[in-house]
Structure formats: structure tokens, C-alpha cells
Amino acid sequence: MDPIMLAAATALVGAMATDAWQHTRAAMADWARRTRRAEGLPDELDEARARLLLARERGDTAAESALCREWALRLEPLVDDPADLIRLLERPVVINATARDDARQFIAGRDMHVTGQ
């Protein structure tokens, strides 16, 4: 599994349980519209959020991890240019700092230049 995609998915899933969710959802929906590849993404995000909240309520960390892997696979065909993903990752309302740092570490390992915030 591509580590950049896994970092992005982890950031996305992590944001699903935060107060910034509506901003995150809107940013992802806008990104999906711009790429013209992900019709139905907002509904899929809502369903994934419901699954995440249920998993967290039950303390099911395996389900949360599986959701991250699922979204990594879901995002991968939508991304042509990793720079697009990097820009999305650097939006502060989209991800938390830990996920952003993890993503940067993965990206740095691929010899890609990332400007920091």
C-alpha cells in the first residue's frame, strides 16, 4: 500500500471524529468535484464517518485501522499527481498535526520537497 495514500487516509479518517469534520467533508467534496472522478464521495464520507464513530464507541481499533486502509485504496486511483495530495494534506482544516507530520515523513522518504507550515 502506498504510504502517501495511507497517510492521507489516516488523516481523513482522523478528521471524521473532530469538530472540523464539516470543513473536511466540504474540502474533500470540492476536491472530488475538481478532479471529476469521485461522484458520490460526500455520501461515502458520511457513511465512513458513521462507521468510524461506531467503531470508536465500541473501542474497535481494528475497524478504525481497516477504515484507514479502505480509504487509502479509495484515494489512490483519484490521485494523478502527489503534489495535489500534498496540497490537500497541508490544508489545516483537513488534517490534524500528527497525521500531517506522518504524511510529510512518508513523502520525505520518497525524496519529494514539501514546504512546511
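Residues numbered from 1 in each chain as written. Predicted model: local features only at pLDDT ≥ 70, side-chain atom pairs only at ≥ 80, totals over all residues. Heavy atoms only, no water.

Could you clarify how one ought to interpret the overall build of the chain in this entry?
Counting its regular elements, the chain contains 6 helices and 0 strands. Counting helices and strands in the order they occur from the N terminus, the chain gives α-α-α-α-α-α. Restricting to contacts in the chain with at least 6 residues of sequence separation, those with at least 24 account for 69%. Element-wise, carbon and sulfur atoms account for 49% of the exposed surface of the chain, whose accessible area totals about 6,600 Å². (Helix = DSSP H or I, 4+ residues; strand = E, 2+ residues; numbered from the N terminus. Contact = heavy atoms within 4.5 Å. Areas by Shrake-Rupley, 256 points an atom, 1.4 Å probe, with all protein chains shown as cover.)

Would you explain helix α2 (residues 21-35) in this entry?
Residues spaced three or four apart along an α-helix point in a common direction, a consequence of the helix completing one turn every 3.6 residues. With 15 residues, α2 extends 21 Å between its outermost C-alpha atoms, agreeing within 8% with the 21 Å of an ideal straight helix rising 1.5 Å per residue. Three or more residues of α2 are buried, namely W21, T24, A27, M28, A29, W31 and A32. Immediately downstream of α2, the backbone of R36 shows phi near 55 degrees, a positive value. (Expected span 1.5 Å × (residues − 1). Buried < 20%, exposed > 50% of the residue type's maximum accessible area, 1.4 Å probe, protein only.)

How do you make sense of the packing of α2 against helix α3 (residues 41-58) when you look at a structure like this?
Each pair of packed helices can be described by the angle between their axes along with the distance between the axes. At a closest axis distance of 9 Å, the pairing of α2 and α3 adopts a crossing angle of 145 degrees. Classified by chirality, the crossing of α3 by α2 is right-handed. Residues W21, R25, M28, A29 and A32 of α2 pack against L41, P42, D43, L45, D46 and R49 of α3. For the contact of α2 with α3, a count of residues per class yields 7 nonpolar, no polar and 4 charged. (Axes fitted to C-alpha atoms, helices over the stretch in contact; angles between N-to-C directions. Left-handed = near helix turned anticlockwise from the far one by under 90°. Nonpolar A, V, L, I, M, F, W, Y, C, P; charged D, E, K, R; others polar.)

Whenever I open this one, helix α1 (residues 3-16) confuses me. Can you help?
Between the first and last C-alpha of α1 there are 20 Å, a value that for 14 residues agrees with the 20 Å anticipated at 1.5 Å per step. Among the 14 residues in α1, 11 count as buried, and that is most of the element. Among the residues of α1, those classed as buried are I4, M5, A7, A8, A9, A11, L12, V13, G14, A15 and M16.

How do you make sense of the environment of W71 when you look at a structure like this?
Position of W71 among the secondary structure elements: in helix α4 (residues 61-75). Taking the C-alpha atoms as reference points, W71 and L12, separated by 59 residues in sequence, lie 8.3 Å from one another. Among residues more than four places away in sequence, those in contact with W71 are A9, L12, V13, M16, L41, E44, L45 and A48.

Please explain the pattern of salt bridges as it appears in this structure.
Evaluated as defined, the whole model comprises 6 salt bridges. The salt bridge involving D30 is made with R34; its shortest N-O contact spans 3.1 Å. Remark: R34 and D30 occur in helix α2; sequence separation between them is 4 residues, near one turn of the helix. Salt-bridge contacts for R56 lead to E64; the nearest nitrogen and oxygen are separated by 2.8 Å. Each of the salt bridges in this network shares a partner with another, and the network as a whole consists of E47, R51 and E70. (Salt bridge = Lys/Arg side-chain N within 4 Å of Asp/Glu carboxyl O.)

Just to check I follow, could you spell out the nonpolar core for this structure?
One finds M16, L45, W71 and L75 to be the most contacted residues of the largest nonpolar core, which totals 22 residues. At the level of elements, α1, α2, α3 and α4 are the ones that each hand at least two residues to this core. Counting residues per element, this core draws most heavily on α1, which supplies 6 residues. (Core = buried A, V, L, I, M, F, W, Y, C linked by side-chain atoms within 4.5 Å.)

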